[in-house]
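Residue strings, one per chain:
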Amino acid sequence: MNKALSIKEPYPPGDFAIWIVIYIELVTFGLMFIGYAFSRRADVALFNNSQLQLNQTAGFIDTLILITSSYFIVKAVNSVKNARGAKIQSANNLASKWLLAAILLGLMFLVNKLLEFSAVFAQGFSLSTNTFFMFYLLLTMFHFMHVALGTVILFNIRQRTRTSGYSADDSRGIETGGVYWHLVDLLWIILFPLVYIIR
Amino acid sequence: MKRSVEGVWAVLIILTIFAYLLGELKLVNTLLVGILLITTFIKGHLVIDYFMGLKNVRWRYRIILTLWLIIVISSIALAYLLPTNIK
């Protein structure tokens with residue numbers, strides 16, 4: 001194997017501060033996921049029956065949306081990461097288009113989730129209905145807030161691409177926003193089977 | 001092995017469809033929960049390696065997320081697979 005190919009980057013992409021945020025978020029959500037799984041053991045029938053009230057298709061669509069938007073973010077970051085000289089403007093234009101697509105998917109996720117929440121509330125379920133709905137609403141609403149924040153971050157990053165603000169020498173901002181969005185995707189990848197599928 | 005980001009996206013979508021079908025067809029038993037959690041681990045690790053870009057970063061940064069994934073998924077597996085009193 002070519003030794004040069006195996007050289008690793010010394011630091012992860014983006015600002016180091018975002019990785020501190022990511023580690024904190026992972027611990028927080030991780031404890032909630034484990035808390036859900038072990039709380040279920042106290043009343044499996046209640047969790048299984050309550051889970052039947054959820055719209056699995058909506059959760060499935062949410063997953064497809066987040067995975068695809070994450071892919072769009074990778075394309076946006078890759079567009080500008082190696083852009084130098086005369087290529088900077090066209091690379092930023094391309095990144096701007098990928099980011100717009102990701103933002104639209106983020107908004108689609110938010111709308112889909114709001115529709116899901118309104119359907120759940122219309123059925124009379126709330127945080128105090130039972131332990132399952134307490135966890136379901138807590139997890140999904142907390143995650144919803146992260147998607148909302150992520151969408152705002154992507155919007156701001158896109159504004160900078162419109163002034164050709166990113167290049168090979170300055171791509172840390174777009175990478176920082178990108179890894180935050182991937183975190184939101186990673187969390188949902190566990191949340192979806194845990195809350196919507198496994199019974 | 002070098003994977004394209006398109007290939008990673010395709011694997012993530014296929015594994016998500018697999019999870020959805022298990023749920024829709026009510027095919028969730030102990031064995032399939034195990035398989036579902038393994039596919040969830042694979043999906044998570046693909047995001048960590050190829051979307052977050054930690055595949056090409058020093059192991060000390062990558063291992064934190066990998067360990068998190070292992071701890072969370074094995075705890076979920078433990079909670080689901082240990083015998084319990086079903087009411």
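To be clear, the structure that these remarks concern was listed above.
Predicted model only: the values in this text are computed from it and were never measured. (Residues numbered from 1 in each chain as written. Chains lettered and ligands numbered in written order. Predicted model: local features only at pLDDT ≥ 70, side-chain atom pairs only at ≥ 80, totals over all residues.)

Things to note about the overall build of chain B
- Helix and strand counts for chain B come out as three helices and zero strands.
- Written out in order from the N terminus, the α and β elements of chain B read α-α-α.
- Here the C-alpha atoms of chain B give a radius of gyration of 15 Å, more than 25% beyond the 12 Å that 2.2 N^0.38 yields for 87 residues.
- Each principal axis of the C-alpha atoms in chain B carries an extent, and together these give about 50 × 25 × 15 Å.
- In chain B, buried positions account for 33% of the 87 residues.
- For chain B, long-range pairs separated by at least 24 residues make up 60% of all intrachain contacts whose partners lie at least 6 apart in sequence. (Helix = DSSP H or I, 4+ residues; strand = E, 2+ residues; numbered from the N terminus. Rg over C-alpha atoms; globule rule 2.2 N^0.38 Å. Buried ≥ 20, exposed ≤ 12 C-beta atoms within 10 Å, placed from the backbone. Contact = placed C-beta atoms within 7 Å.)

What about the overall build of chain A?
- Within chain A, the regular secondary structure consists of six helices and zero strands.
- The order of helices and strands in chain A, counted from the N terminus, is α-α-α-α-α-α.
- Going through the 199 residues of chain A one by one, you find that 43% of them count as buried.
- Pairs at least 24 apart in sequence give 84% of the contacts found in chain A among residues at least 6 apart.

Things to note about the interface of chain B and chain A
- At the interface, 37 residues of chain B touch 38 residues of chain A.
- If one sorts the elements of the side of chain B that touches chain A by residue count, helix α1 (residues 5–24) of chain B sits on top with ten residues.
- By residue class, the composition of the side of chain B that touches chain A is 25 nonpolar, eight polar and four charged. (Nonpolar A, V, L, I, M, F, W, Y, C, P; charged D, E, K, R; others polar.)

Description of unusual backbone geometry
- With a phi angle near 55°, Ser 164 of chain A is a residue other than glycine that sits in the positive phi range.
- Mapped onto the secondary structure, Ser 164 of chain A falls in the loop between α5 (131–161) and α6 (172–197).

Describing α1 of chain B
- Between its first and last C-alpha atoms α1 of chain B spans 28 Å; for 20 residues at 1.5 Å apiece the expected length is 28 Å, and the two agree.
- Val 8, Trp 9, Leu 12, Leu 15, Thr 16, Ala 19, Tyr 20, Leu 22 and Gly 23 of chain B are the residues of α1 of chain B that are buried. Down the axis of α1 of chain B, the sector holding all buried residues measures 155°, keeping them to one side. Exposed and oriented more than 90 degrees from the buried face of α1 of chain B are Glu 6, Gly 7, Ala 10, Ile 14, Leu 21 and Glu 24 of chain B.
- Of the surrounding secondary structure, the elements contacted by the buried residues of α1 of chain B are α3 (56–81) and α6 of chain A together with α2 (30–51) of chain B.
- Remark: Lys 26 of chain B follows α1 of chain B within two positions and exhibits a positive phi of approximately 55°. (Expected span 1.5 Å × (residues − 1). Arc of directions from axis to C-beta.)

By themselves, these figures tell us nothing about what the structure is for.
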